Each structure stands twice: as C-alpha cells, then as structure tokens.
Amino acid sequence: MTTYQRLVVQLDTFPELVVLRHHEADTDRAREYRAAVRLQSWVRGYRIRDRLRRLHQLAAVIQRHWRGYLGRRYYRRLLQETVLRAQADYYRRQATLIQKTWRGFRSRLFVFNFAEWKGYLNFVADQNDELRVQCALECRRLSEERKTVCSSEILQQKTLIKTHHMISTKTIPGVYNSPYHRERIGIEKHLASIRFPVRPTKKAKTKPEDKVEDDKSASGASKLQGPFLPRLELRRRLSRRPCQSLRTAEPFENTEAAVRDQRRLAKVHCVSEQPFRPPTAHLLPPLLSSVHAAVPYRAPPPFRETDSSRFVGSGDFRRVLRPVETFDGCV
Amino acid sequence: MAARLIEQAFDQYNKSRLQFVQTVADLASRPQNMEHLHDNNVMSLLHPLLMDVVPAVQQTAALALGKLASFSQQLAQTLVTSNILPQLISQVPVQNRFYKKSACFVLRAVAKHSVELARTVIESGGLNALVVCLEEFDPNVKESAAWAIGYVARHSPELAQSVVDAGAVPLLVLCIKEPEIGVKRVAASALSDICKHSEELTHVVVENGAISNFAALISSPDTKLKRQILSALSNIAKHTLALAELVVEAEIFPDVFSGLQDADDLIRRNTAGLIKEIVKHTPELAQLIVNAGGMASIVDYLGRSEGHVALPGVMALGFTAAHSQQLAMSVIVSRGVVQLAICLNEEKDDHIRGAAVWALGQIGRHTPEHAKAIAMANLFPKLLECYTSADSSDDLQDKARRTLKSVLQMCVYMPALDPLLHEAPPNILKYVVGQYSKVLPHDPQARRQFVTSGCLRKVQEIQAEPGTELREYINTINNCFPEEIVRYYSPGYSEHLLERLETYEPDWTDGAREDWQQDAAAPSGITA
C-alpha cells in the first residue's frame, strides 16, 4: 500500500515528473552526451597514446640496436682503414726518404751541386782579393826599385859632372885612360857620355823676367847692339848635348889602322861559336812548369774522408756511374 | 916648304869638308830647316861625301842623311832614287862600328815610312848588312841594327818573312840577353813586330827560345822594356792555342798581373792585351786566369783606364765570359758587370762602347741568373739607347741588338722588363713580350704587378698581325687574365662605354611610365 499510495500521491505530479524527468534527460542529454564523448575520447586517446608510445619504444629499441650494430661495423671498418692507411703512409714516407736522399745525391753528383758552385764562387772572390794584395805589393816594390834606379842614375850623373874635366883628350890622356885599350872603358866611357842638364830652377825663376825683358827690347826701349840671339835660344844651344862620340874617338888619318884594330879585337873577344851549355845538360829532365799546379782549386773533402765514424758499411764507397767533371750545360 | 903648303891645303880641305858635314848634321836635327836643306840639294852634296877618304866625314855624312830621311817620306824617297843605298850598304862590312851605326840609322830612317821603301832597302841588300851589324860587339851598333830590322819587319808579312830568311831572329834573341837596356828594348820590339804577322814567323821566333828570355824580363823595372816584352808575348800568344800554352808555361803568371796596376798607360794596355790573347783560346786557359784571381785585376784596371787603353781589358772580360756559364759567373762575382756599365756610361768612342756591349752580351746570355745580373745593373735602358740613338755607329747598333736579343731571351726578372715594354722598337718588343708570356702563366704575383703597373694596357695597345709570334705571345698573355680585365684595358674601351651610355635609357618609373607619357601627350588643362 505504501508504495501504491506513494505512487498515487505522486500520480498527480507524475506526468509533470515524467515530463521533468524527460526534460532532465533531455536537458542534460546533450551535456551528458558531450561528457560521455569527452570521456571516451580521452580514454581512447589515452589508450592510443599508450599504444603509440609503446610502439615508439619498441621501434626505438629496434633502431637502437640496429644503429649500434651499424656503428660498430663502421668503427671496425674505420679502424681497419686507419691502420692500413697508417701503414701505407709509413711505407710511403720511408720510400720518400730513400728517393729524396738518392735524388739529391744523384743530382748533386751528376747534374749540379749548389754547395760546390757557391764554394767555387767564394774561392774566385778570395783569389781576387789575394791577387789584389799581391799586385799592390809588387807595384810598390817596382816603383821603389824604379825610384832607386833613377836616384842612383841621378847620383852617378852628378858625380860624373863634377869630374867631367878628367876626361882624356888626344893631347892630354887623362888619369882614367888606359894605354892598353884604344877605346874608352870604365869611367872614361861614362865621362864621354855625360849629359849636361838644363838647370830648371833658374829657368823657372827668370822666365817672367825674360819675357818682360824681351818685350822691352821689342818695344825698342833699350835696343841691344848687334845681331844677338834671343836668350832662350842661346841657352838652349849652350846646354845642348855635344855629340862627341864620332869626333873625338877616332883619329881621322888612319882608316886602315882602325879597321885592323877592330878586327883584332873581334878575334880576341870571340872565344867559341857554340852556345854554352853545361856538360850534364843531357842528363837533366825536361822542365815541366805548369801554372795549373801553382794555384789549385780543390773542393772540400766529403765527410767520408774526414769523419769516418759516420761511415756505415765496411768497404769503401763505389760509384756505379762516373761523375761529370764540370757543371756546364745545366741549371 | 912646298910639301908643307900642300899638306896645309889638303888639311884645310879636310877640315872644311868635316865642318860642312857637321853643320848639315846639326841643321838636320831641326824640322824647320828640312825644307831649306832640301831646296839646296843637300842629298846630291852628301852623296859623294859618303865615300870620302876621311872616316869622320863618312860617318857624319851618313848621320846627316839618316836624319834627313827620317824626317819625311819624300826625302827618304829622294834618298832611294839617288841610289845612295847600295853604296852605303856595300861599305858596311868593311867599315868600323861608327860607320855601321850611322848606316843602320839611315836604313832605319828609310824603312820606317812605307812598304815600298822597306822593300827597296831589302832589295839593295840591306838585310845582310843589318845582320852583319847585329853580329857586332858594340851594343850601340846592335841597337841601331835591331831597330832598323824592326822597322823593316813591321810593315807586312812578306817583309817579316824576308827578315826571318836572312837569319836575323837568332841574333835578335841573343840581343835580348845583352846587359844594355837599350839593346834589349829594341830587340824585343823587333821580335814583337815579326811575330805579329803570322803563325809561321812566330814559330821561328819561339824555336829560337825567345819566350824564356822574355819571361825572365817580365819583372824588370824599366818601363819601355816592359812595354815591348808584354807586346811581344801577346803577339806570340795570339795565333794558336799551342803558342798560348807555351807562353803560359813560361810561368809568367801571376807576376804579369802587377803590370795591370802599373802607373804607365801602355804597360797596362799591353798586359791586358796579353791576357786577352791568352784567354780567348779555350776555357781551360780562361779558367787558369780566373783561378789565379785575374778577373779582379782586370776590373780594377778598367776602373782606372779610359779610351783605347781600356779596350783590351773589356775584350778580355768578354772572351772569358763567352766560354761557359761558370766563367761568366766568375766575371759577375768579380764585379765585372758593374764596371762594364760604368765604361758604357763614360766612354765616348763607339768602338769601346761596342766592345763593352758585346762583352755584356757574352756575360748575360747563359742562364736566367746571368741575365738577372745584367738586369739589376740597370743596363737594359742603356742598351736600348745604344740601339735606337741616331749617334751610334752601325757597328754599335748591331752589337746592341744582338746583346739585347740574347740576354732578353734568358731574362725572367720582371721589374727590369717593364720600362722596355714602353720604349722598345718592334723587333726588341717581341722578345720582351715573349718573356712575359713565359713567366705570367705561372706566377700570380707577377700577374698582379703586370696589371697594376700599366703593362697590360701597353700590351693591348701593341699592333700585331695575326700569325706572327708577337700575336701569339699577346694571346698567351691575354689568356692569363679574366676577360673583363682584358676588355677593360683594351684601347677604345672608354669610348665604347660612352657609346653604350648614349643609347641607354634608364627605367626608374616602374610602370608609371605609360601614364606619364600619356599625360605628357594629352593637352595640358592649364593652357587649354
């Protein structure tokens, strides 16, 4: 009963309740629908995300393992290649060293050696300097010798001039005259060949005075008497060397006697017609004078000869090909 | 009494003859009297006095005749045509030494003028007389005879051959050993004159042992003797290699080098001549001189000599450098190029400048290093000036052209080639451009230098026909640069640009152009 009663009581309000409930259902249907959709979509999304994440994780695992494998494979190959390259480089370097050394040696031996070239040029420069010094000394010596010769000649001339009066003449044979010789010998010969010098200092002093005096005479201020020579001409004639040799040497009456004397003297002086050679001339070796040996140019010796500690082998160094002596036609 | 008078008359006659002859001899010493003497017929007067009884008259007459003959060729000719020579010569073997000396003096005076007179002397039998005089003991006679022989041999090879055939050479070599300086000088001069003609004559002289005698006298202090000795040695050495080697083996080096610094001009010149003759034969002899340090002496000698004195030194440097590039580098190291450049600047005579130019060519033609040495001494403009100047002789121009050609073909030093590009004539220009075309493809620095110094512009301005070498060189150079640069520097580019400027209309309106043009075309509202 209670339920029926409760329901009957509610009957009046039942249709309104139904309507209200339908309305509620309706009014909230959309909302609830949307809520349900929202919940479902979230759940779906959650599930799918979860799944996707799981898939991603699995893919990552696969990829991780695959990449690790690739990487290790790559590394292994890289390692091999590096080792091979290092080995190849090492051999290449060694080969380069051998080739470099050989090519340098060969070109210096057969083609061009710069050190030797430079050494040669320095040698030429040194020789030049040395010769300059020597030539300067030689020139100084020669000029001094010339001066001494000149001064000794001058001294001799001076002494001879002071004793010029001792010359022997036809009437008075002088002190130095030898009665055993027809011609002059020794001091007599020098006395006969004296050259009387023109005195330069006096000339230089009186030159302007002479000119002035000549001008005066030319202008007729004080005319000299008679046809006199001008001063300079007169002095030149007085100081001229007299040619005595032809006039005083020979008496002009005896031609035959002079010729006879000449022939006799010639026979006396001539001892033998063969040129003189020492008796052991045929034993002497021929004189080989070579200037090539006087000034040699020698290149500095290679280290093999100076420093034998660096020598590797036991035997001596042998060249297979002959070296070229000059370095022409190259570079 | 009568005998005394007769004696007196003869005595007087003798004295007056002697006096006349002595006066004539004195007068003949002065050149201004010669004409008057000739007018007074002195030759025909002296002729009979040569056969005079009195020997003093004979000798003085001969002396006077000699002085007359030595003055001029005409007088010597008169003497020859008056037939004096045969009589003079026939007397020589008989007479004493004073006569011989005077006779030799006459022969010398006649022979020195010309070939024909010397031949006349020989034909009259003069050589035999001279040889007889050479065998004399008196040094004055020997000197006179040797002098006459030297003058005879000087003129031509045939005369020298006849001198040699007369057997004078051994006697001359003996004369060199004489203690008298005058005899030595004259004998050396005579041998030098004989040797200078030909190789056979030199062989005869050398076989008589002349070289060792000369070599012994090299360091004598007497100036004139040294001159003759050096000239004789150079005349011996110049003919063949064997003779030059003989001269060298006489151990004259290194004493000879002091002659290059002597105070006397002629000694220096003759020493340089000797070195030149020795150096020109083979590289070995040249190397000998270089090893002894001779290059520096020659360079020093060039520095203090000028004119014809310097010529043998220049030629010696040229001959040395011509043999090989090693010797040329030795010349460069001894500062030869610098000295030759100074010579080229200072000398006025074209012969010596030609020789200097030739020597520079020999030095520079071997390798680029040598050409660089020539270029660094700033010689290219100088050589170009020698080539193009109107004052230069043909010889100098020819030598300058050859030198430029041979040195330029080796030169890779760019800064020295730039001035040549602007000034050179076409036949030199092609070598310069050729050198550029060799260097520019390989050197970027040089390319930059080439452009900035204006040379590229100059190269574009050169006119060259296609097919010639010059055109190919220019094409090679143009290929080294980008096209825009080449076009920029080509001539007429600025006009070309200006033409383009005139035909160009700038488009700055961006499409409003048509409106603007329309507005302009429509009648204006204001005026209408």
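Everything here concerns the structure above.
So, here is what we can say about the structure in this document.

What counts and what doesn't
Residues numbered from 1 in each chain as written. Chains lettered and ligands numbered in written order. Predicted model: local features only at pLDDT ≥ 70, side-chain atom pairs only at ≥ 80, totals over all residues. Heavy atoms only, no water. Helix = DSSP H or I, 4+ residues; strand = E, 2+ residues; numbered from the N terminus. Buried < 20%, exposed > 50% of the residue type's maximum accessible area, 1.4 Å probe, protein only. Contact = heavy atoms within 4.5 Å. Areas by Shrake-Rupley, 256 points an atom, 1.4 Å probe, with all protein chains shown as cover. Expected span 1.5 Å × (residues − 1). Polar contact = N/O pair within 3.5 Å; in protein donor to acceptor, adjacent residues only side chain to side chain. Lys, Arg positive; Asp, Glu negative; His and termini not counted. Salt bridge = Lys/Arg side-chain N within 4 Å of Asp/Glu carboxyl O. Phe/Tyr/Trp six-rings, centres within 6.5 Å; stacked < 30°, edge-to-face > 60°. Lys NZ or Arg CZ within 6 Å of the ring centre and 35° of its normal. Buried area = accessible area lost by both parts, 1.4 Å probe. Nonpolar A, V, L, I, M, F, W, Y, C, P; charged D, E, K, R; others polar.

Once that is clear, we can look at the overall build of chain B. Counting its regular elements, chain B contains 35 helices and zero strands. Evaluated residue by residue, chain B yields a buried proportion of 53% over its 528 residues. In chain B, the proportion of contacts linking residues at least 24 apart, taken out of those at least 6 apart, comes to 70%. Surface accessibility of chain B: about 23,900 Å² in total, with carbon and sulfur atoms responsible for 51%.

Turning our attention to the overall build of chain A. For chain A, the helix and strand inventory stands at nine helices and zero strands. Out of the 331 residues belonging to chain A, those deemed buried represent 11%. Looking at chain A alone, contacts between residues at least 24 apart form 66% of all its contacts between residues at least 6 apart. Carbon and sulfur atoms form 59% of the exposed surface of chain A, whose accessible area is close to 29,300 Å².

Residues and elements named next belong to chain B. Inspection of the secondary structure puts Thr320 in helix H21 (residues 311–323). For Thr320, a relative accessible area of 0% corresponds to the buried category. Each residue touching Thr320, except ones within four places of it in the same chain, is listed here: Val279, Ala286, Val290, Met295, Leu327 and Val331.

What follows deals with helix H16 (residues 223–237) of chain B. Here H16 of chain B is 15 residues long and its end C-alpha atoms lie 21 Å apart, about the 21 Å a rise of 1.5 Å per residue gives. With 11 of 15 residues buried, H16 of chain B lies mostly within the body of the structure. Residues of H16 of chain B that are buried: Leu225, Lys226, Ile229, Leu230, Ser231, Ala232, Leu233, Ser234, Asn235, Ile236 and Ala237 of chain B. Packing partners of the buried residues in H16 of chain B comprise helix H2 (114–162) of chain A together with helix H13 (181–195), helix H14 (199–207), helix H15 (210–216), helix H17 (241–249) and helix H18 (265–279) of chain B. The N-terminus of H16 of chain B is capped by Asp222 of chain B, whose side-chain oxygen sits 3.3 Å from the backbone nitrogen of Leu225 of chain B.

Now for the side chain of Arg108 of chain B. Residue and element names in this part refer to chain B. In this structure, Arg108 sits in helix H7 (residues 97–111). Despite being buried, Arg108 has no salt bridge partner; Glu143 is the closest side chain of opposite charge, sitting 7.2 Å away. Those residues in contact with Arg108 that lie beyond four places of it in its chain are Trp147, Ala148 and Tyr151.

Attention now goes to the packing of aromatic side chains. A complete count under the given rule lists 13 aromatic pairs over all chains for this structure. Considering the side-chain rings of Phe319 of chain B and Trp358 of chain B, the 5.3 Å spacing of their centres and the 75° angle between planes classify their relative orientation as edge-to-face. With Phe319 of chain B in helix H21 and Trp358 of chain B in helix H24 (residues 350–364), this residue pair connects regions lying 39 residues apart in the sequence. Classification of Phe319 of chain B by relative accessible area gives partly exposed; the value is 22%. Cluster of aromatic residues (ring-pair linked, three or more members): Phe112, Phe114, Trp117 and Tyr120 of chain A. Seen from the ring of Tyr13 of chain B, Arg17 of chain B lies directly overhead, with NZ or CZ sitting 4.4 Å from the centre. In this arrangement the basic side chain of Arg108 of chain B is found over the ring face of Trp147 of chain B, its NZ or CZ atom lying 3.9 Å from the centre.

Contacts between the two partners involve 45 residues from chain A and, on the opposite side, 47 residues from chain B. Surface buried jointly by chain A and chain B totals about 4,200 Å² across both partners, of which 58% is contributed by carbon and sulfur atoms. Counting across the interface, chain A meets chain B through three salt bridges. The salt bridge partner of Asp300 of chain B is Arg132 of chain A, with a shortest N-O separation of 2.6 Å. Our count for the contact surface shared by chain A and chain B stands at eight residue pairs in polar contact (both at pLDDT 80 or more). Mapped by element, the contributors of at least two residues to the side of chain A that touches chain B are H2, helix H5 (231–238), helix H6 (245–248), helix H7 (255–269) and helix H8 (291–294) of chain A. Along the lines of polarity and charge, the residues of the side of chain A that touches chain B split into 23 nonpolar, 10 polar and 12 charged.

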